[in-house]
Amino acid sequence: MNTPLIDAKNLVRRYEMRRGIFGKPVEVRALDGVSLHIAAGETLGLVGESGCGKSTTGRLVLGLERPDQGSVIFEGAPMPEPGSAEWRSMRARMQMVWQDPLGALDRRLTIGEQIMEPLAIHNLGTPAERPARRDALMQAVGLRPDQGSRYPHELSGGQRQRAVLARAIATDPRLLVCDEPISALDVSIQAQVMNLFVELQQKFGMAILFISHDLRAVRQVSQRVAVMYLGRIVEEGEPDAVLHDPAHPYSQALVSAIPAPGKGKKRIVLQGDPPNPADRPPGCPFHPRCAVAVAACRSEVPALKPRHDGRLVACHLAHGDAAPLMRAA
Ligand code: SF4
């Protein structure tokens, strides 16, 4: 394998949380040994329920936070200290697209000013050259240059997310980390913005870490998909393989929740409570909700390892010819 653009190894991230004002602090392990790599120009989709550690992974990959254990290598070099001069200069090559485009934009500045901002921050081009670059970026994301004089509240949600994307690609980054980039958008424009991600990647060739709870959205843009549960990756493989024949029982439940009109598909209803990172069960973290768990699942943590079909799966039972099947309701 060529040197990956991003190579994150065994990331562990803990936070301290108090239950109530006088409660004792408890440790929340948001990430529990996440490893991932992304090649130049590749999109990795990271999917899972809210609170599973997807966004924390994104922040660590961008270097916005340091891991408590593990390492992130970007373009062959260790991630610099957050806030250092080296880190700031590296940020031109890795950018973030947030969930809420209105929150990500400055309401006091026009869209055009905000698209040119990263060029000034990273000293790219001369002041005289920047307006032409702004107009080209706006056209690349499907905005008209004359819309550059508008303020964020004068644009629709979809147009705002296009403006956020134009600003994110202004510095020609090698990596975009996109955290739920379509979930705040109206359903009718989500598909357009998804298509835009695919177009931009083909045109500019950046790698993308696409974080979403929506497996269908992730499938549309990704060359590989990683499914997360309670701070760990439990399955990783090609999107079609994971969607059509999920091997991990949790992936099976996620896939069963995707509506399939007219197919009479039944949904797997998970037992027990949603995962709580402050109260991790021993053994396989999914075992309290897993209908096919065996005794070993309660004591032994399954390693994420390759199956016969090349997919990586963390399940004691998924490494034979047939994966264990959760039953639909
Ligand atoms: Fe279920 Fe056991 Fe596999 Fe975990 S290791 S997903 S509990 S079968």
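Residues numbered from 1 in each chain as written. Predicted model: local features only at pLDDT ≥ 70, side-chain atom pairs only at ≥ 80, totals over all residues. Heavy atoms only, no water.

Asker: When you look at the overall build of the chain in this model, what are you seeing that I'm missing?
Answerer: Within the chain, the regular secondary structure consists of 10 helices and 12 strands. A globule of 329 residues ought to have a C-alpha radius of gyration of about 20 Å, and the chain, at 21 Å, matches this closely. Seen along its three principal axes, the alpha-carbon backbone of the chain occupies a region of about 70 × 50 × 50 Å. Across the 329 residues that make up the chain, the buried fraction comes to 48%. Sequence-distant contacts, at least 24 apart, represent 64% of the contacts inside the chain between residues at least 6 apart. Where the 40 positive side-chain charges of the chain centre and where its 35 negative ones centre are 3 Å apart. (Helix = DSSP H or I, 4+ residues; strand = E, 2+ residues; numbered from the N terminus. Rg over C-alpha atoms; globule rule 2.2 N^0.38 Å. Buried < 20%, exposed > 50% of the residue type's maximum accessible area, 1.4 Å probe, protein only. Contact = heavy atoms within 4.5 Å. Lys, Arg positive; Asp, Glu negative; His and termini not counted. Charge placed at Lys NZ, Arg CZ, Asp CG, Glu CD.)

Asker: How should the sheet that holds strand E4 (residues 69-74) be read in this particular structure?
Answerer: Hydrogen bonding along the main chain pairs the strands of a sheet, whether they run parallel or antiparallel. Spatially, the four strands line up as an open sheet ordered E2-E1-E4-E5, and their pairing is antiparallel. Edge positions in the sheet fall to strand E2 (25-38) and strand E5 (77-78), since each of these pairs with one other strand and no more. Sheet topology note: the strand E1 (residues 6-18)/E2 ladder contains 11 bridges and is antiparallel. Following the sheet pairing, Ile 6 is matched in E2 by Ile 38. (Pairing = 2+ DSSP bridges.)

Asker: Quick question: what am I supposed to make of the packing of aromatic side chains here?
Answerer: How two aromatic rings sit relative to each other is set out by the distance from centre to centre and by the angle between their planes. Enumeration over the complete set of coordinates arrives at four aromatic pairs. With a centroid separation of 5.0 Å and an interplanar angle of 85 degrees, the aromatic rings of Tyr 229 and Phe 286 are classed as edge-to-face. Here Tyr 229 is found in strand E9 (residues 224-229), whereas its partner Phe 286 is found in the loop between helix H10 (249-256) and strand E11 (305-306), with 57 residues between them in sequence. For the pair Tyr 229 and Phe 286, one class covers both residues: buried. Taken together, Tyr 229, Tyr 250 and Phe 286 form an aromatic cluster joined through their ring pairs. (Phe/Tyr/Trp six-rings, centres within 6.5 Å; stacked < 30°, edge-to-face > 60°.)

Asker: What is the right way to read the packing of helix H4 (residues 111-121) against helix H5 (residues 130-140) from this model?
Answerer: Working note: a packed helix pair is described by the angle between its axes plus the distance between those axes. Packing of H4 against H5 brings their axes to within 9 Å, and their N-to-C directions diverge by 115 degrees. In the packing of H4 onto H5, the handedness of the crossing is right-handed. Along its contact with H4, which presents Ile 111, Gly 112, Ile 115, Met 116, Leu 119 and Ala 120, the element H5 presents Arg 130, Pro 131, Arg 133, Arg 134, Leu 137 and Met 138. Tallied by class, the residues present in the contact of H4 with H5 amount to eight nonpolar, one polar and three charged. (Axes fitted to C-alpha atoms, helices over the stretch in contact; angles between N-to-C directions. Left-handed = near helix turned anticlockwise from the far one by under 90°. Nonpolar A, V, L, I, M, F, W, Y, C, P; charged D, E, K, R; others polar.)

Asker: How should I be thinking about the site of the ligand in this particular structure?
Answerer: If you check the shell around the ligand, you find 13 residues, and the closest are Cys 284, Cys 290, Cys 297, Cys 315 and His 316. For the ligand, the cavity whose grid points lie within 2 Å of the majority of its atoms is the largest cavity. Taken together, the residues of the shell around the ligand break down into 10 nonpolar, three polar and no charged. (Near = heavy atom within 4 Å. 1 Å grid on protein atoms, 1.4 Å probe; cavity = no way out; pocket = protein on both sides within 12 Å on 5 of 7 lines; lining within 4 Å. Sits in = over half its atoms within 2 Å of the grid points.)

Asker: Sorry, what's going on with the layout of surface pockets here?
Answerer: Over the atoms rolls a probe the size of a water molecule, and in doing so it shows where empty space is left. Its boundaries defined by the atoms lining it, the largest pocket holds a volume of some 550 Å³. Surrounding the largest pocket, 26 residues form its lining, His 213, Asp 214, Leu 215, Arg 216 and Ile 258 being those nearest its centre. Listed by contribution, the elements that provide at least two residues to the lining of the largest pocket are helix H7 (187-204), helix H8 (215-221) and H10. The residue inventory of the lining of the largest pocket, partitioned by class, reads 15 nonpolar, six polar and five charged. Taken as a whole, the second largest pocket encloses approximately 380 Å³ of empty space. Forming the boundary of the second largest pocket are 15 residues, of which Arg 91, Gln 95, Pro 118, Ile 121 and His 122 lie nearest the centre. For the lining of the second largest pocket, the elements supplying multiple residues, two or more each, are helix H2 (85-90), strand E6 (94-97), H4 and helix H6 (157-168). (Points joined across faces, edges and corners; volume = space filled by probe spheres on them.)

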